[in-house]
Amino acid sequence: MACKMCKKRGKNWEGSDPNCYFDGDDNWNCATVNAIRDICGDWGETPGKGVVKMGVEDENMALVSAWDCDLGEEDEYPSCLYVQWYKRRGRTEVLLLLGEGMNRRPTEDELLMIINHRGFNKGVSTLESSTDSP
Ligand SMILES: [Zn+2]
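None of these values were measured; they are calculated from a predicted model.

1. Details of the overall build of the protein chain
Looking only at helices and strands, one finds 3 helices and 5 strands in the protein chain. Going from N to C terminus, the protein chain has its helices and strands arranged as α-α-β-β-β-β-β-α. With 134 residues in all, the protein chain has 34% of them scored as buried. Once local pairs closer than 6 in sequence are excluded, the contacts in the protein chain between residues at least 24 apart make up 48%.

2. So, the environment of Ala31
Among the secondary structure elements, Ala31 is positioned in helix H2 (residues 31-39). When the C-alpha atoms of Ala31 and Met5 are compared, they prove to be 5.4 Å apart, with 26 residues separating the residues in sequence.

3. Some thoughts on the sheet that holds strand E2 (residues 59-65)
On the basis of which strands lie adjacent, the open sheet formed by 5 strands has the order E1-E2-E3-E4-E5 and antiparallel pairing. Pairing within the sheet leaves two strands with one partner each, and these edge strands are strand E1 (51-56) and strand E5 (102-104). Ignoring which end each strand starts from, the neighbouring axes of this sheet average 20 degrees apart.

4. Description of the nonpolar core
Within the largest apolar cluster, 28 residues are counted, with the highest numbers of intra-cluster contacts made by Ile36, Val64, Val83 and Ile114. Going through the elements one at a time, helix H1 (4-9), H2, E2, strand E3 (78-86), strand E4 (92-99) and helix H3 (108-118) are the ones with two or more residues in this core. Counting residues per element, this core draws most heavily on H2, at 5 residues.

Cut-offs used in this document
- Residues numbered from 1 in each chain as written.
- Predicted model: local features only at pLDDT ≥ 70, side-chain atom pairs only at ≥ 80, totals over all residues.
- Helix = DSSP H or I, 4+ residues; strand = E, 2+ residues; numbered from the N terminus.
- Buried ≥ 20, exposed ≤ 12 C-beta atoms within 10 Å, placed from the backbone.
- Contact = placed C-beta atoms within 7 Å.
- Pairing = 2+ DSSP bridges.
- Axes fitted to C-alpha atoms, helices over the stretch in contact; angles between N-to-C directions.
- Core = buried A, V, L, I, M, F, W, Y, C linked by C-beta atoms within 7 Å.

Laid out in structure tokens, this is it:
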């Protein structure tokens with residue numbers, strides 16, 4: 001089942017269909033994940049506040065601070081979101097919520113909370129859609 005942001009955006013480009021991150025292991029052009037990458041400075045802009053980004057060759061890696069975003073289940077203490085993608089391709093290779101003794105896939109609600117918390121200073125809104133295609 002596609003995420004809320006994918007449903008809202010729909011498909012607004014020619015070419016391959018999107019493959020929502022929440023529909024399976026693979027993902028391509030998921031609107032929620034794209035919004036996370038916008039916060040990470042996917043397009044070469046300065047990453048948002050609370051984001052550290054580095055690149056090795058064409059591989060991009062970012063740590064998004066999440067300790068203050070009220071995430072996690074009971075007895076979990078998520079501190080950051082790790083994001084990894086190649087060049088500006090539409091597929092995001094790794095998305096992991098990390099914390100004390102934990103690392104797992106983030107839920108849609110958790111990503112939306114991070115976007116709401118970290119995205120405002122980047123002009124990223126959960127109500128907007130990212131229109132970039134690889
Ligand atoms: Zn999606």
